[in-house]
Each structure stands twice: as structure tokens, then as C-alpha cells.
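# Structural overview
Spelled out from the first residue to the last, the chains are:
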Amino acid sequence: MALSIGIVGLPNVGKSTLFNALTKEQHAVAANYPFCTIEPNKAVVGVPDRRLDLLSDIVNPQRVQNAIVEFTDIAGLVKGASKGEGLGNQFLSHIRETSAIVHVVRCFEDDAVVHVDGTVDPLRDIEVINTELVLADIQTLENRVGRLEKQARGDKKVQPLLDTAQRLLEHLNTGAPAILFDGRESEAFKELLKETRLISLKPVIYAANVDEDGLGADNEHVRAVRRFAAEHNAEAVKICAKIEEEMAGMSDGERNEFLASLGQSESGLDQIINHGYHALGLISYFTAGVKEVRAWTIERGWKAPKAAAVIHDDFERGFIRAEVMAFDDFIEARGEAGARTAGKLRTEGREYVVSNGDVMHFLFNV
């Protein structure tokens, strides 16, 4: 499975610039006017993971394969997007396909870069986008409620689903996103989601986009975004999309040196992906052989057979057992042979819950 992130925000807040930086490619057009991104741009990039370097130094494989994340740069939304303003409906449909949302918020002043509303106000901007996402969900849910009402007349089993849908609709009509609905753990809600994809249910990472001077102490705009995110149980990061784009062509060493000169330890890519993994409850495990060292993305709490399925479905169907080494044990023992000798290689069965960083071999038979 891959982490899928949609990049949203008002026009001219730095979305396309960030996309260029994140993908290390100049796929998106960064221009100083609204709706310069007419079709959604997509790119698949490797997830930075220093553990792969340590594994590779020991195993010396033919190739190294990072876990992947898919970024989708979605054109700037404006007030009225849920009703088609600014081509909004078209782009809202693309957000539904993603696992999480990076909401880029402008937190810098620059008269040369036009703001769609004339002034920089992060909380106003956030409200505009979030309102459009909720309104889009209201439209989706209203249609679903109408169908459920007809079904409930002839099938009483549908009533719990209808009741939940109506409660959720009332919740959305207050302006609150679906992710704050208090009935999310109910079976009826889970059943409702099988046919109803809600945008406002997706985890959000607020990316406060600053200029180079803003990378030090937080300015008032960044502080406002952080407070908002904390109050709404969301993630928040501070980035400088312009600097990230400038670093796109640098080697890892050059990039690390440049970040250090700015007093930063992580790039915007690292921050966003790490926060995305946290928001979605994702972890990585590794396979390490002479042909390939590779990271695989799974959800926290998955058992060994389901984790094996991300490599191939046959691994889950024919699962026999897994050979497991904790990452630290593998590194300390300098590989599988050393871990086996030190008694650090374990055999685990179907009920084993995979831990972040496990180095695994799967035995199967189909």
C-alpha cells in the first residue's frame, strides 16, 4: 500500500511550488495567477528512511527500494468550489481519492504575490477551504440519505444506517468536519462509508508556508495555524516551499548542509511524510536480501499474514510463518547470520503483530 496525499489550498499559497519540491521534479506550473494548475498533477516518490541506508551498508544489495508516497497537486480551491466555482467540483472529486490532505496555508507577506482575497489571513483561508470540503460532503450525504429513506420503507434493517446518516448530516450542517463526528466507531458508520466517501473525514496536515525569514521563530500567522490544528486534532508543520524547491536538485549531502545552515534538521518532505504516516497510523517493515533491500508500508496493528500481502497476495493466502528480526538487533548483529547466531531471529505465526522496523522473511505455500 502507498500513502496518498492530496495537496490543497487557495490559489497562490504555494501548493505547486511545494509539489515541485516534494517530487524533485518540475511537473507543476508555479505561476502567479489563480487556477494555473488545470489538471491534477500526480507523482510517486520514495519515502525518505535512513534505516534503509544502514541495512544497505550491511547487506550490500543490488538495489534499494524505498516505500512510496503518491502526491496529487490539486488546483486552488475558492469559495463556492462545492458548487462548481473555480472548477471546484472537478478538483474536489480528486481529493476523494487520497488518504490524507496537506492543506497549504500562506503565512508570509509579499506584495508581489497576489492573494485571492487581497490580504494574508491564515484562519480565514483555512475556514474557506474547510467549509467547501464540508459542503461537498453535505451534498454527498444528502443524496445518500434520500436513497436510504426509500430503502428503509421496505427494509427495517436499513433504519440504523439511516439514523446514523441523518445524525452525521446534522453534524456536518454545523460546519464541523466528519472527522470530529462522535459516532465514527459505530458499525453503522463503517457500513455507511462503504458507499459514501467523505472528504472531511480524511486526516489533515496543515502546512504553514513561510518565507526564508520565517524559518526561525514562528510568526503570528504560523502560531495561529498551530493553535487551530491543535484545537481540531490535526497535524501542523512549518515549511518554506520556495527553499524546498531550491533544494530539489541538491545531493543528500548538499541538502543536509544547506538545512543545517538554516537551523533546520528536516526537509519539508520529511516533515510532511512523517506527519502523514502518524496521522494515518502507518509504519514500515523491511525485507533485506542480496537482490533487494526494501521498505513496505502497512497500518499499525496489522498481523503478519496481512502485512505479507502487500508484497503479494499469495504470501497471505499461503502464509506458514515469518522469520522476524527487530531492526536494532539486525544492525547490531551485522545482518541475518549474526542475528540468528545471537538468538535474535524469531519465528512468528499468524497472530504476530508486526512492529515498526521489523526485518522479515515470509514462508508460504500455495
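To start, this report covers the structure provided alongside it.

Rules and cut-offs
Residues numbered from 1 in each chain as written. Predicted model: local features only at pLDDT ≥ 70, side-chain atom pairs only at ≥ 80, totals over all residues. Heavy atoms only, no water. Core = buried A, V, L, I, M, F, W, Y, C linked by side-chain atoms within 4.5 Å. Buried < 20%, exposed > 50% of the residue type's maximum accessible area, 1.4 Å probe, protein only. Contact = heavy atoms within 4.5 Å. Phe/Tyr/Trp six-rings, centres within 6.5 Å; stacked < 30°, edge-to-face > 60°. Helix = DSSP H or I, 4+ residues; strand = E, 2+ residues; numbered from the N terminus. 1 Å grid on protein atoms, 1.4 Å probe; cavity = no way out; pocket = protein on both sides within 12 Å on 5 of 7 lines; lining within 4 Å. Points joined across faces, edges and corners; volume = space filled by probe spheres on them. Nonpolar A, V, L, I, M, F, W, Y, C, P; charged D, E, K, R; others polar. Pairing = 2+ DSSP bridges. Axes fitted to C-alpha atoms, helices over the stretch in contact; angles between N-to-C directions.

This part covers the nonpolar core. Core analysis: the largest hydrophobic core is formed by 67 residues, its most contacted members being Leu-18, Val-69, Phe-71, Val-102, Tyr-206, Ile-272 and Phe-330. In contact with Tyr-206, not counting residues within four places along its chain, are His-103, Val-105, Ile-126, Asn-130, Val-225, Phe-228, Ala-229, Ala-234, Glu-235, Ala-236 and Val-237.

Per the counting criterion, the structure on display carries seven aromatic pairs. Between Phe-181 and Phe-189 the ring centres are 5.6 Å apart and the planes differ by 40°, which places this aromatic pair in the tilted class. Owing to a relative accessible area of 2%, Phe-189 belongs among the buried residues under this scheme. Here the aromatic rings of Tyr-285 and Phe-362 are separated by 5.8 Å at their centres, their planes lie at 80°, and the arrangement is edge-to-face. Of this pair, Tyr-285 sits in strand E8 (residues 282-288) while Phe-362 sits in strand E12 (residues 359-364), and the two are 77 residues apart along the sequence. Assessed through its relative accessible area of 0%, Tyr-285 is described here as buried.

Okay, empty space enclosed by the protein next. Within the structure shown, the criterion is met by one cavity of 30 Å³ or more. Of the voids in this model, the largest cavity is the one considered here, and its volume is about 80 Å³. Around the largest cavity sit 13 residues that line it, and Leu-215, Cys-240, Glu-244, Gln-264 and Glu-266 are the ones nearest its centre. The set of elements that each furnish at least two residues to the lining of the largest cavity consists of strand E7 (235-239), helix H8 (241-246) and helix H10 (268-280). Split into classes, the residues belonging to the lining of the largest cavity amount to seven nonpolar, three polar and three charged.

Pairing is mixed in the open sheet, where six strands are placed in the order E2-E4-E1-E5-E6-E7. Sheet topology places strand E2 (41-46) and E7 at the edges, where each strand pairs with a single neighbour. If you compare each strand with its neighbour and ignore which way they point, the axes differ by 25° on average. Inspection of the sheet shows strand E1 (residues 3-8) paired to strand E5 (residues 100-106) by four bridges, in the parallel sense. For Val-8, the partnering residue across the bridge sits in E5 and is His-103. The strands touched by helix H4 (residues 122-154) are E1, E5 and strand E6 (204-209); relative to E5, the strand with the most contacts, the crossing angle is about 145°.

Honestly, it's all geometry; don't read function into it.
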